[in-house]
Number of protein chains: 2
Amino acid sequence: MMKAVCLLSGGMDSSTLAYVARDMGYVVYALHMAYGQRTENRERECARKISELLGAEEFLEISLAYFARIGGSSLVDRAMAIADHVEGETAMPSTYVPFRNANLLSIATSYAEARGADAIFIGVQASDYAGYPDCRPEFIDAFQRVIDLGTADSTRIRLITPFVRMNKADILRTGIDLGVPYEHTWSCYRSDGPACGRCDSCFYRLEAFRRVGARDPIAYAEER
Amino acid sequence: MMKAVCLLSGGMDSSTLAYVARDMGYVVYALHMAYGQRTENRERECARKISELLGAEEFLEISLAYFARIGGSSLVDRAMAIADHVEGETAMPSTYVPFRNANLLSIATSYAEARGADAIFIGVQASDYAGYPDCRPEFIDAFQRVIDLGTADSTRIRLITPFVRMNKADILRTGIDLGVPYEHTWSCYRSDGPACGRCDSCFYRLEAFRRVGARDPIAYAEER
């Protein structure tokens, strides 16, 4: 049996991702990381539920509280505000957590090497979040090389990013086909519940549901 | 003033490294990481002392306890034994912590980006630990590319590895010239004190002191 470490935040992309990995025949090792973001409790609860529902082999939960001490992001620094979504904005969002994805992928690689896993699934997408440098396909390619060089010679771990060139509506369509229970996923940057409906993450989620013509099963304080 | 994040374990290499960075004119941001290794208390104490003595701007201490849960290394798994040094051994040592240096460098990069630092110093060397894949120069070059692609476009962080092609005796000579207080450094893999004198790390340390013709100021249970 092939094994895959799946980065599972509990959001709609990563939850869909874990179902994709299972559908491809992988035994799933779910890896959830909390890093001091405002909504970490709700995300953890969702990730745990998704992992249970899809029958993951393991659910490993890691706390990266150090991100709050390093600072530099509105996602982890309570003194900074999370901005509402602004259409056409191309600058780096304040929610960017410095080099976060490299941290997540490094841990995933350690976990994959220790368990003898064949692959790591990560749900990055280049299009929706153009402002996050660590979602770019070139970043992923460069990280693959770091994995190849930085692990044992006998270790072969493939970084798989099924969504890197997809948009959120495509991802949602894939997930609906696979029966992903979106009521157990969380995307809002601001609140543990109900979702604010106005941050970047709510905006893109709601837009995806609208484009697909489906109803988002979670509760919103306000829908734009 | 140029700023550098220096990975400071509290061992002889990383302590020398921090003095080299200061000597090159950098303001030092010391980053110490404990990851459940047996000697973490002694290493932390040494790192803190070195950081204080050299006048670091900050001392950030991060606990990566997750390595013990991921497992796969005798350094963090108490059920595995740490072997004595064996001359001429070329296999990967059991003390290899899967992909550890990528984890350390990812955190260092997050920290450097958040503080606007220009450089990250890491004391890896290719020669003494041929069995550790994440000490190779090619690994470091690949990680530099990940930094360039995975951080903000305005961020420029250089990975500096002064020791990558040096041996431990050369490093020690450099440190003695710079006045590094080696009594406040710790290398033993096995014990918080006295040092065992027999693990790979003690072996290479003692050999370096012998080659340089200096006396190691720390206490050993046994010297070979």
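Provided above is the structure to which this section pertains.
Conventions used here
Residues numbered from 1 in each chain as written. Chains lettered and ligands numbered in written order. Predicted model: local features only at pLDDT ≥ 70, side-chain atom pairs only at ≥ 80, totals over all residues. Heavy atoms only, no water. Pairing = 2+ DSSP bridges. Helix = DSSP H or I, 4+ residues; strand = E, 2+ residues; numbered from the N terminus. Right-handed = clockwise from strand over helix to strand, strands pointing away. Axes fitted to C-alpha atoms, helices over the stretch in contact; angles between N-to-C directions. Parallel < 35°, antiparallel > 145°, perpendicular 65-115°, else oblique. Left-handed = near helix turned anticlockwise from the far one by under 90°. Contact = heavy atoms within 4.5 Å. Least-squares fit on C-alpha atoms with pLDDT ≥ 70 in both.

What follows deals with the pairing of strand β3 (residues 58-63) of chain A. Residue and element names in this part refer to chain A. In this sheet, β3 lies alongside strand β2 (residues 27-34) in parallel orientation, the contact comprising six bridges. Note that in β3 the partner of Ala30 across the bridge is Phe59. In this fold, the crossover linking β2 to β3 by way of helix α2 (residues 40-54) has right-handed handedness.

What follows is about the packing of helix α1 (residues 12-23) of chain A against helix α6 (residues 168-178) of chain A. Residue and element names in this part refer to chain A. Packing of α1 against α6 brings their axes to within 9 Å, and their N-to-C directions diverge by 50 degrees. When the interaxial angle is binned, α1 and α6 end up oblique. Crossing of α1 against α6: the hand is left-handed. Between α1 and α6, the residues in contact are Met12, Asp13, Thr16, Tyr19, Val20 and Asp23 and Lys168, Ile171, Leu172, Thr174, Gly175 and Leu178, respectively.

All names here are of chain A. Structurally, the position occupied by Ala221 is in the segment after α7 (200-212). Sequence separation between Ala221 and Ser191 is 30 residues, and the spatial gap between their C-alpha atoms is 9.7 Å. Ala221 has contacts with Pro194, Ala195 and Cys196, leaving out every residue within four places of it along the chain.

For these two chains of identical sequence, chain B goes onto chain A by a turn of 180 degrees and a shift of 0.0 Å along the axis, with RMSD 0.0 Å. Read as a symmetry element, the transformation amounts to a two-fold axis. A share of 100% of the interface residues of chain B reappears at the interface of chain A, consistent with the copies meeting face to face through the same patch.

In short, geometric facts, not functional conclusions.
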